[in-house]
Amino acid sequence: MEIPLGIYGTRSQTLEFKIRARPTAGKLSEPKQVAQESAVVVYTPPEDLAISKDQFSYSVRSREGVSAPSFVQISIVDANPVLAGPTLVEFGCLMTGEKTILSIEIANDGGGLAQGTLEVSPPWQLASSADYRLRAGEKQSVVLSIVPPQGGRIAGELRCVSTDSKTSRFIELRAEAVSPVSLRTEQLTLENQQDSTLRSGFVELTNNTDAPQILSISACPRLILPETLTLAPQTTSRIPVELPANDFAGLEDEIRIQSSAETLRVPVRAKATPAILQIDRQEIQFQTVQTPTPALENLTLENKGGSPAPVSLLIQPPFSAGFSSAVLQPGERKEIPLLFHSGTEGKFNGHLKIIAPSREITIPLSAQAIGSATLSRTARSDTAMADITRSAASNLSAGPDLREAAPAPQEPARMPPRPEIIALTPTTADLGWNHRGPEHPAYKSEMRQLSLKNDELEVSWSPLPQCQLERRGGRIEVKIAGLTPGTTYGLRFTPVDQTGQATDLPRALEFITPRFPEKAGWITLPRTLIVLLCLCLVGIARRQWTGNF
């Protein structure tokens with residue numbers, strides 16, 4: 001800074017200016033004459049920014065002599081520092097797992113001293129000093145490094161925090177990280193394929209490198225997908241993912257894909273499949289029966305979906321169903337017993353409607369009942385049942401599947417003891433018959449099944465589940481559980497030896513389980529005998545009373 005030197009008044013002569021005491025901190029040039037009675041000096045402040053005051057003194061010589069010294073007081077006032085630098089630094093597209101280094105320049109475009117510390121957001125790191133100290137006009141390079149941990153957009157900032165909080169500056173940092181293997185599927189939803197319960201989808205991957213990438217794939221055990229996959233350089237591939245066809249439940253999980261640099265995670269979800277009802281028969285034709293013998297057919301209803309299916313049944317008399325409503329759980333199969341029972345002759349037609357929230361199924365029903373005069377070869381009565389069981393006993397070696405009953409032999413066979421119903425409920429039956437023979441007899445317990453094949457009635461026998469036989473004195477008693485209410489059952493119990501060969505004719509019977517529990521308590525042998533005895537006594541008394549008149 002130029003400082004003018006002068007005198008009070010005027011002398012009209014050329015004066016000589018002399019520096020008597022120089023500044024203690026700054027520098028001062030020699031006086032420069034600018035006129036007869038004035039001069040200038042140039043003052044340079046010290047480098048120490050902490051010094052804010054200084055002084056010097058000068059005198060003037062004239063023809064009359066030398067003046068007393070005059071003191072010049074100097075105040076040093078610095079301009080405010082101004083920290084300059086970029087507002088945004090783009091690191092560009094980076095590869096995950098690889099280190100990238102970039103330098104950023106900051107400067108003090110103001111005065112004074114700009115000083116402070118540097119801070120940076122992860123995953124960036126400082127590769128140079130964490131402090132800055134910049135005088136007016138000075139510059140400093142800040143070196144940053146980054147190793148992207150995963151693919152995607154990365155944002156952060158470099159913070160220049162000054163000691164006086166007046167010159168702080170924030171520089172935005174951005175980068176786009178690309179994985180060696182990148183996901184093009186952010187979330188996977190498995191959906192049903194057309195006309196199928198199979199739910200499937202795929203995960204799309206891209207190899208962004210110039211080398212093959214070997215991937216390890218893992219997920220929950222319910223998902224079907226490859227365990228490894230090799231991606232060719234710079235190619236995109238798909239990983240097929242599916243749930244088994246018999247898996248109907250919902251799913252919330254993730255697929256983990258391990259590459260050389262990172263673990264990629266793909267959320268995967270699937271809704272539970274809706275209820276899908278299927279039947280095993282499209283039409284039901286009952287076998288021809290003699291009135292009032294009932295006929296039984298079974299219809300299998302299956303829920304192949306993943307949600308419960310509430311169903312209700314509508315059917316017109318003389319047809320009836322074993323139940324009116326039910327709820328089929330996912331994957332559940334249920335037998336619907338259908339009964340035809342008519343007291344009059346004729347042909348009958350009807351429909352069974354299976355009503356579900358998402359579907360209504362209509363199944364045509366047809367049956368025929370005839371009288372004893374026109375008994376057909378497919379009629380089913382208690383006598384025909386006895387003929388079938390006798391024929392079955394004589395052909396046990398041929399296997400459990402029996403065709404139409406064979407003609408009766410010339411000489412009537414000895415009839416085995418017929419089982420008696422001791423107690424009957426909608427789901428259980430207690431039977432018994434007299435037994436003479438070994439102390440620990442063996443019996444084969446079987447249940448009859450009727451079906452039509454090529455308009456021919458077929459009889460087959462299957463093992464009777466939940467059946468217990470034991471000897472009590474001279475009788476065999478049988479306890480059967482797991483029966484269906486309102487269902488006709490044909491049973492036989494065949495004595496067999498240790499090799500399973502029949503040793504006598506079967507003990508056979510046919511009955512219908514009651515529909516309601518309150519009725520079942522009265523269907524017992526003792527109560528039946530009491531009722532019959534009471535009816536006989538009433539009849540005898542009535543006859544005697546009538547005879548008296």
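Scroll up to find the structure this text is about.
Q: I keep staring at the pattern of salt bridges and nothing clicks. Help me out?
A: Pairs can form between side chains of opposite charge whenever their charged atoms are close. Scanning the model with the defined rule gives 26 salt bridges in all. One salt bridge connects lysine 18 with glutamate 16, and the closest N-O pair in it is separated by 2.6 Å. One network of salt bridges, in which partners are shared, links Glu90, Arg153, Glu172, Arg174 and Glu176.

Q: What should I look at first to understand the environment of leucine 5 in this one?
A: Mapped onto the elements of the fold, leucine 5 is located in strand β1 (residues 2-5). A sequence separation of twelve residues divides leucine 5 from phenylalanine 17, and the C-alpha atoms of the two residues are 7.8 Å apart. Those residues in contact with leucine 5, other than ones at most four positions away along the chain, are Phe17, Pro31, Glu37, Ser38, Ala39, Val40, Val41, Phe56 and Tyr58.

Q: Looking at this structure, how should I read the sheet that holds strand β37 (residues 429-434)?
A: Strand pairing in a sheet relies on backbone hydrogen bonds. The paired strands run either parallel or antiparallel. Sheet architecture is open: four strands sit in the order β36-β37-β41-β40, paired in antiparallel fashion. Each edge of the open sheet is held by one strand with a lone partner, namely β36 (420-424) and β40 (467-472). Neighbour-to-neighbour, the strand axes of the sheet open up by a mean angle of 20°, direction not taken into account. By the bridge criterion, four bridges tie β36 to β37 in an arrangement that is antiparallel.

Q: Explanation requested: the packing of aromatic side chains in the structure shown.
A: The geometry of an aromatic ring pair comes down to the distance between the two centres and the angle between the two planes. This structure, assessed with the given rule, holds nine aromatic pairs. Plain terms: the ring middles of phenylalanine 319 and phenylalanine 340 are 5.5 Å apart, the flat faces sit at 40° to each other, and that makes the pair tilted. In this pair, phenylalanine 319 is assigned in strand β30 (residues 319-321) and phenylalanine 340 in strand β32 (residues 333-340), connecting sequence segments 21 residues apart. Overall, the relative accessible area of 4% leaves phenylalanine 319 in the buried class. By relative accessible area, which is 0% here, phenylalanine 340 ends up buried. An aromatic cluster is built from Phe286, Phe319, Phe340 and Phe348, whose rings are joined through pairwise contacts. Over the aromatic face of phenylalanine 323 sits the side chain of lysine 334, whose NZ or CZ is 5.1 Å from the ring centroid.

Q: Is there a simple way to explain the sheet that holds strand β13 (residues 131-135) in this structure?
A: With mixed pairing, the five strands of this open sheet are ordered in space as β9-β16-β15-β11-β13. Lying at the two open borders of the sheet, with one neighbouring strand each, are β9 (88-95) and β13. Along the sheet, successive strands turn relative to each other by an average axial angle of 25°, direction set aside. Bridge count between β9 and strand β16 (residues 169-178): six bridges; the pairing is parallel. From the neighbouring strand, leucine 88 faces β16, where its bridge partner is glutamate 172.

About the thresholds
- Residues numbered from 1 in each chain as written.
- Predicted model: local features only at pLDDT ≥ 70, side-chain atom pairs only at ≥ 80, totals over all residues.
- Heavy atoms only, no water.
- Salt bridge = Lys/Arg side-chain N within 4 Å of Asp/Glu carboxyl O.
- Helix = DSSP H or I, 4+ residues; strand = E, 2+ residues; numbered from the N terminus.
- Contact = heavy atoms within 4.5 Å.
- Pairing = 2+ DSSP bridges.
- Axes fitted to C-alpha atoms, helices over the stretch in contact; angles between N-to-C directions.
- Phe/Tyr/Trp six-rings, centres within 6.5 Å; stacked < 30°, edge-to-face > 60°.
- Buried < 20%, exposed > 50% of the residue type's maximum accessible area, 1.4 Å probe, protein only.
- Lys NZ or Arg CZ within 6 Å of the ring centre and 35° of its normal.

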